[in-house]
Amino acid sequence: MILVENMTKRFGKFTAVDDLSFVVNPGQVTGFLGPNGSGKSTTMRCMIGLDSLDSGSTTFNGQRYVDFRRPLHSVGVLLDAGNAHVGRTARNHLRWLAQSNGISKSRVDEVLEIVGLTDVSRRKVGKYSLGMKQRLGLAAVLLGDPRAVILDEPANGLDPEGIRWIREMLKKLASEDRAVLVSSHLLSEISLIADNLIVIGKGRLIDQCSVPDFIGRYAQRWVRIESPQLTEFASILERAGGRTELQTSGAIVHNLDATTIGELAAKNSVVLHQLATETGSLEDAFLELTSSSVEYHGTLGGGK
Amino acid sequence: MIGLFRSEFLKLRSVRSNLTMAIAAAGLPIVGTVLVAIFISVKDVGETTIPRMINSAGNVSMLIVGILGVLCVTQEYSQSTIRLTLAATPNRFSVYVAKLAVIIASGTVLMTGVVIACVAVGNAILSARGFSGDSTHPDAQASYVALVLASVLVGALGVGLGAITRNPPSAIAILLLWPLLVEVLIGNIVAAVFSRNILDWLPFGAAFQATFLEIEDLKFGRFGSLGYFGLWTLAIVLIGQVVLRSRDA
């Protein structure tokens, strides 16, 4: 189990992580979400002692990271796929890591096989694509067969096959009772692999819950209807307090649930061809929740 | 700790630029000695010929070993592997000690090998050319030992500078400009203004002079001067350790 308690990290007057606490349980993939600049990467760096903390602590099964003598056996970390010397071969990159933690050469070969880089292991990392570097980073994570795994944007630069592969890999790691913490901007991916979510904004915890709970709490719900008497029924719904948006085919209704709409249709002898409750995606829920925490806003341009 | 030492040594030898530096450090004195032994007139050969050649080219090698020390640390920052290094070994002091140990061991082996090769090759060529006199100055061995020790200290100094600056160009510039420009300027200014020779008090000035054959005028003696340079090195190394430990990676 990974336990982060009251973590605070400041850079001068800027508070990057503000009294953050959360738990990553074993046997689950926990998604770590937040807008750009929300403090995800800083949190991960602080968790393993790369950045010093102003207050708080992180423990891995009760032990601080800096107290591990050979941490790769306990915690696997992938912070940036680019953290490899471009002039060194992938095999040598893994070998120096392995040697520092007393891991055998044969394990280096094993993890190269697992990530599919055996054939190119004697090629310099500088000649690797971003996707190959991600695989190399994951090989480094797996070296010590750790009980906890921390990954920052592991799917960055991967092709669809690579994304599927990493999805399956993370699920497998969690199924082996490891605690897996993974940050990603690919919310659709997170919705497919994560059991739990930790959402932060401006360095503070916004929520920690399961994915269905998160969507249930924060995503909008609406009812899709289709009827040959749509215009007439829309005005009935408006009078009942609903808000109707007519679409090319049918309409969507806000502020009324499907039961109420069905009863109103029956009462007013309106024929319904479709009556279905729809819910927003994880992305919708995430954007709804973090809209006030976004540090950097973009525009589509073209106007003043 | 042995695993960490092996890991750091693998890092050092698995990058071509480091190997190039090591080859340059070794090659310069050897090539110089070979050229001198081939082209010098046999009647001009004396007991100081080979030692002087080794020591003058060796001083350049010494700086190259220093650059190797710089790269040993700064490459980690320029290539962003420092995060991986410190994630694999959270005890930063151990990492720093392992880097120092690798540079000290590599510098010792490299420069000892260079000296032995130069003496052997130089003498062999001179013998083949018909030189039958004594080519070994009585102080040659002491100057060779001083050259190896000074090189090792400059290597450690490079590690310290690398840890302080984290930036290869800055650390290499400091390492080269310090002896070649700053100390020369300071020495000349003081000599011009106060008519005093302070070369013995300048760290690199003391280290370079300690490797010379004749050291009669050296204030602290050969190994005293190396000790003096060692104190400067120790100070830089300690500052580097404090910086490495206190800064975010």
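Residues numbered from 1 in each chain as written. Chains lettered and ligands numbered in written order. Predicted model: local features only at pLDDT ≥ 70, side-chain atom pairs only at ≥ 80, totals over all residues. Heavy atoms only, no water.

### Topic: the domain arrangement of chain A
As far as domains go, chain A holds domain 1 (2-217) and domain 2 (221-279). On a C-alpha basis, the centroid separation for the pair domain 1 of chain A and domain 2 of chain A is 46 Å. (Domains from an automatic or database assignment.)

### Examining helix α7 (residues 211-218) of chain A
Residue and element names in this part refer to chain A. Restricting attention to buried positions, one finds in α7 the residues Val211, Phe214 and Ile215. All buried residues of α7 project into a common sector of 95° when viewed along the axis, lining one side. Looking at the buried side of α7, the elements it contacts are β8 (196-201), β9 (204-210), β13 (274-279) and α10 (282-290). Capping of α7 at its N-terminal end is provided by Ser210; its side-chain oxygen lies 3.2 Å from the backbone amide nitrogen of Asp213. (Buried < 20%, exposed > 50% of the residue type's maximum accessible area, 1.4 Å probe, protein only. Helix = DSSP H or I, 4+ residues; strand = E, 2+ residues; numbered from the N terminus. Arc of directions from axis to C-beta. Contact = heavy atoms within 4.5 Å. Polar contact = N/O pair within 3.5 Å; in protein donor to acceptor, adjacent residues only side chain to side chain.)

### Observations regarding the packing of helix α2 (residues 16-39) of chain B against helix α3 (residues 49-78) of chain B
All names here are of chain B. Relative to each other, α2 and α3 sit at 175°, their axes nearing to 9 Å. Classified by the angle their axes make, α2 and α3 are roughly antiparallel. Class assignment of the residues belonging to the contact of α2 with α3 gives a composition of 17 nonpolar, 8 polar and no charged. (Axes fitted to C-alpha atoms, helices over the stretch in contact; angles between N-to-C directions. Parallel < 35°, antiparallel > 145°, perpendicular 65-115°, else oblique. Nonpolar A, V, L, I, M, F, W, Y, C, P; charged D, E, K, R; others polar.)

### Points about the pattern of salt bridges
In the structure shown here, the tally under the stated rule is 20 salt bridges over all chains. Residue Lys9 of chain A pairs with Asp248 of chain B through a salt bridge whose shortest N-O separation is 2.8 Å. One end of the pair, Lys9 of chain A, is in strand β1 (residues 2-11); the other, Asp248 of chain B, is in the segment after α9 (221-246), on a second chain. A relative accessible area of 4% places Lys9 of chain A in the buried class. Here Glu176 of chain A ties to Lys172 of chain A by a salt bridge, and the two come within 3.0 Å at their closest N and O atoms. Each member of the salt-bridge network shares a partner with another, and the members are Asp145, Lys172, Glu176 and Arg178 of chain A. (Salt bridge = Lys/Arg side-chain N within 4 Å of Asp/Glu carboxyl O.)

### Considerations on the interface of chain B and chain A
Counting residues at the interface gives 25 residues for chain B and 29 residues for chain A. Contact between chain B and chain A buries roughly 2400 Å² in total, counting both sides, with carbon and sulfur atoms accounting for 54%. Three residues, Arg83, Leu84 and Asp248 of chain B, lead the burial of chain B against chain A; their summed loss comes to 23% of the area buried on that side. At the boundary of chain B with chain A, the tally comes to 1 salt bridge. The residue makeup of the side of chain B that touches chain A, split by class, is 9 nonpolar, 9 polar and 7 charged. (Buried area = accessible area lost by both parts, 1.4 Å probe.)

### Re the sheet that holds strand β4 (residues 55-60) of chain A
Residue and element names in this part refer to chain A. Taking strand neighbours across the sheet as the criterion, the 3 strands line up as β2-β1-β4 in an open arrangement whose pairing is antiparallel. In the strand order of this sheet, the two ends are held by β2 (14-24) and β4, each with one partner. For this sheet, the mean angle separating the axes of adjacent strands, direction not counted, is 20°. With respect to the sheet, helix α1 (residues 40-47) is in contact with β1, β2 and β4, its orientation differing from that of β1 by roughly 115°. (Pairing = 2+ DSSP bridges.)

### As for the packing of aromatic side chains
This structure, assessed with the given rule, holds 10 aromatic pairs over all chains. Between Phe60 of chain A and Tyr65 of chain A, the aromatic rings sit 5.8 Å apart at their centres with planes inclined by 65°, giving edge-to-face as the arrangement. Considered together, Phe60 of chain A and Tyr65 of chain A belong to a single accessibility category, that of buried residues. Centroid distance Trp178 of chain B to Phe204 of chain B: 5.2 Å. Interplanar angle 75°. Geometry classified as edge-to-face. Of this pair, Trp178 of chain B sits in helix α7 (residues 168-194) while Phe204 of chain B sits in helix α8 (residues 203-210); the two residues are 26 residues apart in sequence, bridging distant segments of the chain. (Phe/Tyr/Trp six-rings, centres within 6.5 Å; stacked < 30°, edge-to-face > 60°.)

### Side note on the side chain of Thr85 of chain B
Mapped onto the elements of the fold, Thr85 of chain B is located in helix α4 (residues 82-88). Sequence-distant contacts of Thr85 of chain B, that is, excluding residues within four places in its chain, are made with Trp96 of chain A together with Glu8, Lys11, Glu76 and Val95 of chain B.

### Topic: empty space enclosed by the protein
Per the stated rule, a full pass over the model turns up 5 cavities of 30 Å³ or more. The volume enclosed by the largest cavity comes to roughly 130 Å³. Along the wall of the largest cavity there are 17 residues; nearest its centre are Val77, Leu78, Asp80 and Asn83 of chain A together with Leu84 of chain B. Considering only residue class, the lining of the largest cavity consists of 11 nonpolar, 3 polar and 3 charged. Looking at the lining of the second largest cavity, the elements with two or more residues in it are α1 (2-13) and α3 of chain B. Here the lining of the second largest cavity gets 4 residues from one element, more than from any other, and that element is α3 of chain B. A breakdown of the residues in the lining of the second largest cavity according to their chemical character gives 3 nonpolar, 4 polar and 5 charged. (1 Å grid on protein atoms, 1.4 Å probe; cavity = no way out; pocket = protein on both sides within 12 Å on 5 of 7 lines; lining within 4 Å. Points joined across faces, edges and corners; volume = space filled by probe spheres on them.)

### Topic: the sheet that holds strand β11 (residues 243-246) of chain A
Residue and element names in this part refer to chain A. Pairing is antiparallel in the open sheet, where 4 strands are placed in the order β11-β12-β10-β13. On the outer flanks of this sheet lie β11 and β13, each paired with one strand and no other. Strand after strand, the sheet turns through a mean of 25° between neighbouring axes, direction not considered. Pairing of strand β10 (residues 221-226) with β13, which is carried by 6 bridges, proceeds in the antiparallel orientation. The residue of β13 that forms the bridge with Arg221 is Thr279.

### Looking at the layout of surface pockets
The volume enclosed by the largest pocket comes to roughly 380 Å³. Every residue lining the largest pocket is counted, 24 residues in all, and those nearest its centre are Arg69, Arg70 and Ser100 of chain A together with Met1 and Leu4 of chain B. Contributing elements (two or more residues each) for the lining of the largest pocket: α2 (90-100) and α3 (105-115) of chain A together with α1 of chain B. A per-class count over the lining of the largest pocket returns 9 nonpolar, 9 polar and 6 charged.

### Quick word on the environment of Val65 of chain B
All names here are of chain B. With respect to the helices and strands, the residue Val65 is situated in helix α3. Between the alpha carbons of Val65 and Ala128 there is a distance of 32 Å; along the sequence they are 63 residues apart. Beyond its immediate chain neighbours, meaning those up to four positions away, Val65 contacts Ala25, Gly107, Leu110, Met111, Ser151 and Gly155.

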